Amino acid sequence: MVSIIIEDTTFYGPTIDLTAYNITPNDVLTALHTNSPEISISTTSPGPVHDRLGCVHEEKSYQIRSALAAVARQRGYTTAYDSQLERVQERLSSIDLTEVTFDHEHQRLAQKDNIEQLQEEISALRGRIQELRQQNKDPEGKIQQLQQQAGELSAKQTEYTAAKQALEQKQKQLRDMRDKREKRLKLQDKQQNLRRKSRRVLARKIRPQFIRSLDSIPGEYELSDTPGTVETGETTAALAIYRLSRSSAPVVLASSRFPNLTAATAALDAPVIRCSP
């Protein structure tokens, strides 16, 4: 059953017709997943089949094989690729791609100019102290200034050395990050290839049930030799997959395929919400 509230009007039942309202199929699909200010829907949450097929209307392409594979999974079918997929997912989950930034280290290294300036000033002070001593004058003031600047120079040199070491560590982290990204890309490619192979196997396994479901839906279709695809009749195939999914979540329909909503819910074996395309 489905309960819908629009503009203080409540609809309830296995079939709800919203064609008289300015509600699009996307509005309904969004409301099925999240709270919407325009329309409130209470019903069974949509599953992976709904995510792959969405609203059904005639001028649309569908992820037929992917949706069929999702139905096969719901029915407990497995493939020889499942353990590999699990291992690849575990390896992907273990890859930490924390962003590496260098702003602070570069700011600290920018003190090199200050260090060089201090070194020049200290060198000049030492020369001035030597001159004062040669002239038998008291160099104490300059000596104190030299000691102060020498301490400042030592602190800046220590900070600069630490910054260089930190930068080298960040550069190593960046190289490691690049290696991890490359590794992740390779694993993602492998994951996609395994998923494609898995979907092909699952579509082949559920093909007999899919054909029977196709025959229960009004409309023409032509099966392809490749499992999980059709030569013609994608909308018929999408409706057949919804029927095959045995989901109690409503099918969002923007098609005149059925003479009425009662016929639609009987053919799909699911609640139906009809909208204007």
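These numbers come from a predicted model, not from an experiment.

*Asks:* Which residues make up the pattern of salt bridges, and what values go with them?
*Replies:* Counting across every chain of the model gives 5 salt bridges. The residue D176 makes a salt bridge to K172 at a minimum N-O spacing of 3.1 Å. Of the two residues, D176 and K172 both sit in helix 7 (residues 140–205), 4 residues apart, roughly one turn of that helix. The exposure class of D176 is partly exposed, given its relative accessible area of 32%. With a relative accessible area of 39%, K172 lands in the partly exposed category. Between E182 and K186 there is a salt bridge; the shortest N-O distance is 3.6 Å.

*Asks:* Residues and numbers for the layout of surface pockets, please.
*Replies:* Space inside the largest pocket adds up to approximately 200 Å³. Looking at the largest pocket, the residues that line it are R52, S66, A69, A70, R73, L85, R195, S198, R199 and L202. Per-class residue counts for the lining of the largest pocket are 4 nonpolar, 2 polar and 4 charged.

*Asks:* Explain the nonpolar core residue by residue, including any values.
*Replies:* Ranked by size, the top nonpolar core spans 33 residues in total, and within it L53, F210 and I241 carry the most contacts. Of all the elements in the fold, those that place two or more residues in this core are helix 2 (48–53), helix 3 (64–74), helix 8 (207–215), helix 9 (234–245), strand 7 (251–253) and helix 10 (261–268). Ignoring anything within four residues of it in the chain, the contact list for L53 reads K60, Y62, Q63, A67, A238, I241 and Y242. Core analysis: the second largest hydrophobic core is formed by 18 residues, I6, F11, C55 and A254 among them.

*Asks:* Which residues make up the sheet that holds strand 8 (residues 272–274), and what values go with them?
*Replies:* Pairing within the open sheet is parallel, and its 3 strands lie in the order 3-8-7. Since the sheet does not close on itself, it has two edges, and those belong to strand 3 (15–17) and strand 7, each with one partner. Strand-to-strand twist in this sheet, taken as the mean axis angle between neighbours without regard to direction, amounts to 15°. Relative to strand 8, strand 7 is paired through 3 bridges, and the arrangement is parallel. In the strand pairing of strand 8, V251 is matched with V272. Lying on the sheet, helix 10 is in contact with strand 3, strand 7 and strand 8; it crosses strand 8 at an angle near 140°.

*Asks:* Which residues make up the sheet that holds strand 1 (residues 2–6), and what values do they have?
*Replies:* Across the sheet, 3 strands lie side by side as 2-1-4; this open sheet has antiparallel pairing. Every other strand in the sheet has two partners, leaving strand 2 (9–13) and strand 4 (40–42) as the edge strands with one partner each. Mean inter-strand twist for the sheet, computed between neighbouring axes without regard to direction, equals 15°. Bridging between strand 1 and strand 2 involves 5 bridges; their strand directions are antiparallel. Within strand 2, the position partnered with I5 by the bridge is T10.

*Asks:* Provide a residue-level description of the side chain of T235, including the pertinent values.
*Replies:* Here T235 is to be found in helix 9. Side-chain polar atoms of T235 contact the backbone oxygen of H57, separated by 3.3 Å. With near-sequence residues (within four places) excluded, T235 lies in contact with V56, H57, E58, Y62 and R257.

Conventions used here
Residues numbered from 1 in each chain as written. Predicted model: local features only at pLDDT ≥ 70, side-chain atom pairs only at ≥ 80, totals over all residues. Heavy atoms only, no water. Salt bridge = Lys/Arg side-chain N within 4 Å of Asp/Glu carboxyl O. Helix = DSSP H or I, 4+ residues; strand = E, 2+ residues; numbered from the N terminus. Buried < 20%, exposed > 50% of the residue type's maximum accessible area, 1.4 Å probe, protein only. 1 Å grid on protein atoms, 1.4 Å probe; cavity = no way out; pocket = protein on both sides within 12 Å on 5 of 7 lines; lining within 4 Å. Points joined across faces, edges and corners; volume = space filled by probe spheres on them. Nonpolar A, V, L, I, M, F, W, Y, C, P; charged D, E, K, R; others polar. Core = buried A, V, L, I, M, F, W, Y, C linked by side-chain atoms within 4.5 Å. Contact = heavy atoms within 4.5 Å. Pairing = 2+ DSSP bridges. Axes fitted to C-alpha atoms, helices over the stretch in contact; angles between N-to-C directions. Polar contact = N/O pair within 3.5 Å; in protein donor to acceptor, adjacent residues only side chain to side chain.

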